[in-house]
Structure formats: structure tokens, C-alpha cells
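Summary of the model geometry
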Amino acid sequence: MAGLRICSALVTGANRGIGLGLVRHLLRVSNPPKWVFAACRDPKGERAQELQHLASKYPNLVIMPLEVTNPASIQAAAARVGEHLKGSGLNLLINNAAILLNRTLDTETLEGMSQIYTTNTIGPLLVSQAFLPLLKKAAQGSPGSELSCSKAAIINISSNGGSIDSIYGWDLLQVVSYRCSKAALNMLTKCQSLGYREHGILCAALHPGWVQTDMGSSAGHAPPVTVDMSVQGMLNVLSTLSEKDIGTFLDWEGKVVSW
Ligand code: NDP
């Protein structure tokens, strides 16, 4: 991961699962960021205990409240990050928070579809909008350099479940709302990559693998990939991303995932 030299990173849904793993690994790299912002719904609650423990060991870790379905919460988080950064920008935004409802074609509802879209698709849109000024600032801080995650990037954690081509795991889990939300997130990633390129911001979607987390285990089968494997793989991939990877959909091992 020698290529990833970031001053600041923010991860949403950072209190458990892959988000927590990303924070852990970012703190432990050989050139750790000056600031790692771990955003979660309830920073003082029981579900954030591991983050609180990490914060007692790493002064560069800042835990902050962020409910990705609430615009006021998103704006407040962006303002807080701006205060911490004191005039410098945010290099890396990882939109990781998401939910999954185990529903089928027959059992999906208006409420379920709306809830999933609001969290998994609209959340990353609004979070990216709110942090855009800080990302732009980071890009302006390294003029002339090629696009990279060390400069300024939005990484949306997607899923091969949202791939229209492969429809991975249909027999195991239909999760129609989740699949639709991730397919839409992929399109959002493409749009962001087109719109933000001129500002020096690299945008890409990543599939983390089938990972041993609460969400990954919801099919009732043991996922093959540990959080550490997934996160190490994704950070390796992030360290290699450049101009040619704008708007791509890659997995945790760097392989292209078909749309
Ligand atoms: P988990 O269910 O283990 O964790 C989800 C995280 O998202 C939690 O921190 C949760 O917070 C947070 N979150 C959920 N809703 C909101 C919200 N409205 N606002 C803020 N935070 C929220 O999931 P994973 O760690 O497994 O998944 C992480 C990402 O990886 C997701 O985008 C998922 O779709 C993707 N993914 C995961 C796969 C897997 O096999 N695990 C496979 C493919 C993709 P709280 O504790 O408050 O609920």
C-alpha cells in the first residue's frame, strides 16, 4: 500500500463491519493519515465501543455523528470535519454505510424500497455533495498531480449484488431493494466521476467481497472473506487507482466487476 499517502480520510458507517475495519487499517498503515474521521450514527453508544477504544489509542482518530439519511446531520458532520482540517481539504471520502432488507420480489414494500434507497443511494449522494468543497480543496492543494486517492477521491462501497450482468447469489438471497439500490449507486458513481473529474476528484465503486460481517452473514451462510482480508485488499486497490480508473467498478482484489 506504499502508494496511498493521504492526509485525511472519512468513513461512514464506521462503528462495525467493513467500516470499522477500514478505520483500523487506515490508522495502522506505515504513513497514517493526519486525520481519520470515523462517522457513525451513535458515537457514544454501545455499538461504537470499539471505535471509542481505538480513539483512546490514536489521537488522529476523530469519531463523529453522521446519520446518512438526515441532511442536517450530514451538514453538521461536514462543518465539523472542516473545523478539524483548519483550511486544508479532505482527501478520501468512503461512502460505506448501508443496509440490507432480506425481502423477495413478493415481499418488497414501498417503505422498504424507500428506506433502502434513502440509505444506500441517496445517502452517498448527499454526503458527497456536503463534502465536495473539502474534497475540491484537497485537489487544489496538489495541483498538477494525477488523479488518485492520495489527492482527492470519493469511493462508494457497492456490491456485486447490484451487478445487472451477473445477478450474483440470486438463489441465496433475492434482496431486490438492496440490488436496485446498489445498481443505482453504481450509476451515481459514474455520474460523480463525470461531474467531479474536472475538479480533480477521482470517483469509483468497490465491491468488498462476501465478507464476515452482520450484513454478510444475513443469508445464514458463512462468508469466505474476513474483514481484514477485504479491507487490506480494498486499500491496496485504492493505492493503485489513477486517471484510467475513473468511474470504474472493481472488487477488493482489483478485478473489474461487470455493471
Ligand atoms: P454492516 O451491516 O456490518 O454495517 C453497516 C454499517 O452501516 C454500520 O456501521 C451501520 O451503523 C451503518 N449504517 C447503516 N445505516 C446507516 C445510516 N442511516 N446512517 C449511518 N450509518 C448507517 O455492513 P457491512 O460492514 O457488511 O457493509 C459495509 C458496506 O459493504 C455496505 O455498503 C455493504 O452494502 C457493502 N457490502 C458488504 C458485503 C458483505 O458481504 N458484508 C458484500 C457486498 C457489499 P449502525 O451500527 O448504527 O447500524
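Attention here is on the structure that accompanies the text. (Residues numbered from 1 in each chain as written. Predicted model: local features only at pLDDT ≥ 70, side-chain atom pairs only at ≥ 80, totals over all residues. Heavy atoms only, no water.)

**Observations regarding the overall build of the protein**
Inclusion rule: To qualify as a helix, a DSSP run of H or I must reach at least 4 residues; to qualify as a strand, a run of E must reach at least 2; elements of each kind are numbered from the N terminus. Here the globule rule reads 2.2 Å times residues to the power 0.38, and the radius of gyration is calculated from C-alpha atoms. Categorising residues by exposure relies on relative accessible area from a 1.4 Å probe, with only protein chains included: less than 20% of the type maximum marks a residue as buried, more than 50% marks it as exposed, and the intermediate range marks it as partly exposed.
Counting its secondary structure elements, the protein contains 6 helices and 7 strands. Starting at the N terminus, the α and β elements of the protein follow one another as β-α-β-α-β-α-β-α-β-α-β-α-β. In terms of overall dimensions, the protein is globule-like: its C-alpha atoms have a radius of gyration of 17 Å, near the 18 Å expected for 259 residues. Seen along its three principal axes, the alpha-carbon backbone of the protein occupies a region of about 50 × 40 × 35 Å. Every one of the 259 residues in the protein was classed for burial, and the buried ones make up 53%.

**Focus: the side chain of His 207**
To keep it simple, the criterion reads: Contact between two residues is taken to exist if any of their heavy atoms lie within 4.5 Å; hydrogens are not considered.
In this structure, His 207 sits in strand β6 (residues 202-207). Leaving out residues up to four positions away in the same chain, His 207 has contacts with Ser 158, Ser 159, Asn 160, Phe 249, Leu 250, Asp 251, Trp 252 and Val 257.

**Some words on the pattern of salt bridges**
Proximity of charged atoms lets side chains of opposite charge pair with each other. The criterion, for reference: Every case where a carboxyl oxygen of Asp or Glu lies within 4 Å of a side-chain nitrogen of Lys or Arg is listed as a salt bridge.
With the rule as written, the count across this model stands at 6 salt bridges. Among the salt bridges present, the one from Arg 16 reaches Asp 214, with a minimum N-O distance of 2.7 Å. Pair noted here: Arg 16 is in the loop between β1 (8-12) and α1 (17-28) and Asp 214 is in the loop between β6 and α6 (227-240), with a separation of 198 residues, a long-range link. The partner of Asp 245 in a salt bridge is Lys 244, with the nearest N and O atoms 3.0 Å apart.

**Description of the nonpolar core**
Spelled out, the test is: By nonpolar core is meant a set of buried Ala, Val, Leu, Ile, Met, Phe, Trp, Tyr and Cys residues that side-chain atoms within 4.5 Å join together.
Judged by nonpolar contacts, the single largest core of 42 residues is most densely connected at Val 23, Leu 51, Leu 61, Leu 92, Ile 155, Leu 238 and Leu 241. Among residues more than four places away in sequence, those in contact with Leu 92 are Ile 6, Ser 8, Ala 9, Leu 10, Cys 149, Ala 153, Ile 155 and Leu 238.

**A look at the environment of Ser 242**
Relative to the helices and strands, Ser 242 is located in the loop between α6 and β7 (249-251). Classification of Ser 242 by relative accessible area gives buried; the value is 16%. Apart from the residues within four sequence positions on either side, Ser 242 is in contact with Glu 146, Leu 147 and Leu 202.

**Notes on the site of the ligand**
Threshold: A cutoff of 4 Å decides nearness: a residue is near a molecule or strand if any of its heavy atoms lies inside that distance of it. Here a polar contact is taken to be a pair of N or O atoms separated by no more than 3.5 Å, where protein atoms must pair a possible hydrogen donor with a possible acceptor and residues adjacent in sequence count only if both atoms sit in side chains. Surface accessibility follows the Shrake-Rupley procedure with a 1.4 Å probe radius. Residue values consider only the protein chains on display as shielding.
Of all residues adjacent to the ligand, which total 30 residues, the nearest are Asn 15, Arg 16, Glu 67, Tyr 178 and Thr 213. Between the ligand and the protein, one listed contact pairs an oxygen atom with a backbone N or O atom of Ile 18 at 2.8 Å. Contact between the ligand and Asn 96: an oxygen atom at 2.7 Å from a main-chain N or O atom of the residue. Protein chains bury 95% of the 900 Å² of accessible surface belonging to the ligand in isolation.

**A look at a nonpolar patch on the surface**
How we decide: Residues with no salt bridge and a relative accessible area higher than 30% make up the patches, which join like charges within 9 Å and nonpolar side chains (Val, Leu, Ile, Met, Phe, Trp, Tyr) within 5 Å.
Taken together, the side chains of Leu 105, Ile 167 and Trp 170 define a hydrophobic patch exposed on the protein surface, amounting to about 290 Å² of accessible area. Examined against the element boundaries, Trp 170 turns out to sit in the loop between β5 (153-157) and α5 (176-196).

**A short note on the packing of aromatic side chains**
Definition in use: Between 30 and 60 degrees the pair is tilted, below 30 it is stacked and above 60 it is edge-to-face, where a pair is any two Phe, Tyr or Trp rings, Trp via its six-membered ring, whose centres lie within 6.5 Å.
One pass over the full model with this rule turns up 2 aromatic pairs. Between Trp 35 and Phe 37, the ring centres sit 6.2 Å apart and the planes meet at 20°, which makes this aromatic pair stacked. With respect to burial, Trp 35 and Phe 37 carry one shared label: buried.

**Looking at α1**
Three- or four-residue spacings in an α-helix give side chains the same orientation, since the helix completes a turn every 3.6 residues. Put simply, the rule is: Expected helix span is computed as 1.5 Å times (number of residues minus one).
The terminal C-alpha atoms of α1, which comprises 12 residues, lie 17 Å apart, in line with the 16 Å expected from a rise of 1.5 Å per residue. Across the 12 residues that make up α1, a large majority, 9, are buried. Along α1, the residues classified as buried are Ile 18, Gly 19, Leu 20, Gly 21, Leu 22, Val 23, His 25, Leu 26 and Leu 27. Those residues of α1 that are buried lie in contact with β1, β2 (35-40), α2 (49-57), β3 (61-65), β4 (92-95) and α6.

**A look at the pairing of β2**
Threshold: We call two strands paired when DSSP finds no fewer than two bridges between them. Looking down the strands as they point away from you, a crossover is right-handed if its path from the first strand over the helix to the second goes clockwise.
Counting buried positions along β2 gives 6 out of 6 residues, so the element sits mostly inside the fold. Across the two faces of β2 the burial is the same, with Trp 35, Phe 37 and Ala 39 and Val 36, Ala 38 and Cys 40 all buried. Note: β1 against β2, 5 bridges, orientation parallel. Counted as the bridge partner of Ala 9 is Val 36 from β2. You can see the chain leave β1, run along α1 and come back into β2, and the turn it takes is right-handed. Of the pairings in the sheet, the one linking β2 to β3 comprises 5 bridges and is parallel in character. Following the sheet pairing, Ala 39 is matched in β3 by Met 64. Each parallel crossover has a hand, and the one from β2 via α2 to β3 is right-handed.

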